[in-house]
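If you want the building blocks of each chain, they are given just below.
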Amino acid sequence: MRMRTGIITPVTWSDHAHGALRSAGLKPGGARSAVVEVLAEQPCCLPASEIHDRVRARRPGVGIASVYRALETLTALGLVHRIDLRSGGARYEPAEPSGDHHHHLVCGDCGRVEAFTDDRLERAIQTISQGASFRVDEHDVVLRGRCDACA
């Protein structure tokens, strides 16, 4: 939340990301800024190639290597989650500063990715953490199988 003239307004993920980049001493311009803006518009993960296509639609001169470097930086700063797929590819999505998140179902045949949330799963992770005397700071759940179309 950010205070503006006595009014509290929510900070968007892109505002948060740009602020974190500045705090890390990095300029938010160029490819990094374009990648942040593309990711801020997405409800779920995207492959780097699709992020690149969307970035190029805004800034035609940005190359795929610049997009990969931006994604690596954003991931290293904890601003982006990288979801690794068995096919060797990866997808990227914003890491909400509030901790809100979802998990993914991945089809091993066609590569389809579907987001899901489950309160029971979150409680189970909390229970396991407490029982193991281990503080879980973050977690990623990727369930792999076959979607209905491929099964």
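Structure first, text after, so check above.
In short, a report on the structure. (Residues numbered from 1 in each chain as written. Predicted model: local features only at pLDDT ≥ 70, side-chain atom pairs only at ≥ 80, totals over all residues. Heavy atoms only, no water.)

**Quick look at the pattern of salt bridges**
Test applied: Any Lys or Arg side-chain nitrogen located within 4 Å of an Asp or Glu carboxyl oxygen qualifies as a salt bridge. Under the DSSP-based scheme used, a helix requires at least four consecutive residues in state H or I and a strand at least two consecutive residues in state E, with every element numbered from the N terminus. Classification of residues uses two cut-offs on accessible area relative to the type maximum, computed with a 1.4 Å probe and protein chains only: under 20% is buried, over 50% is exposed, and between them is partly exposed.
Tallied over the full model, the rule gives 7 salt bridges. Between Glu 50 and Arg 54 there is a salt bridge; the shortest N-O distance is 2.5 Å. Taken as a pair, Glu 50 and Arg 54 lie in helix α3 (residues 48-58) at a separation of 4 residues, close to a single helical turn. Its relative accessible area of 28% is what places Glu 50 among the partly exposed residues. By relative accessible area, Arg 54 is classed as partly exposed at 31%. Put simply, Asp 118 and Arg 120 hold a salt bridge, and the shortest N to O gap is 2.8 Å. Its relative accessible area of 58% is what places Arg 120 among the exposed residues.

**Considering unusual backbone geometry**
The phi torsion at Ser 133 lies on the positive side, around 50°, for a residue other than glycine. With respect to the helices, strands and loops of the structure, Ser 133 is situated in the loop between α5 (119-131) and β8 (142-145). For Ser 133, a relative accessible area of 70% puts it in the exposed group.

**Here's the deal with the sheet that holds strand β3 (residues 46-47)**
Strand pairing in a sheet is mediated by backbone hydrogen bonds. Such pairs are either parallel or antiparallel. As a reminder of what qualifies: At least two DSSP bridges between two strands are required for those strands to pair.
Read across the sheet, 3 strands follow the order β3-β5-β4 without closing on themselves; strand pairing throughout is antiparallel. With partners counted over all chains shown, the strands left at the sheet margins are β3 and β4 (80-84), one partner each. Inspection of the sheet shows β3 paired to strand β5 (residues 90-94) by 2 bridges, in the antiparallel sense. Across the sheet, residue Leu 46 finds its bridge partner in β5, namely Tyr 92.

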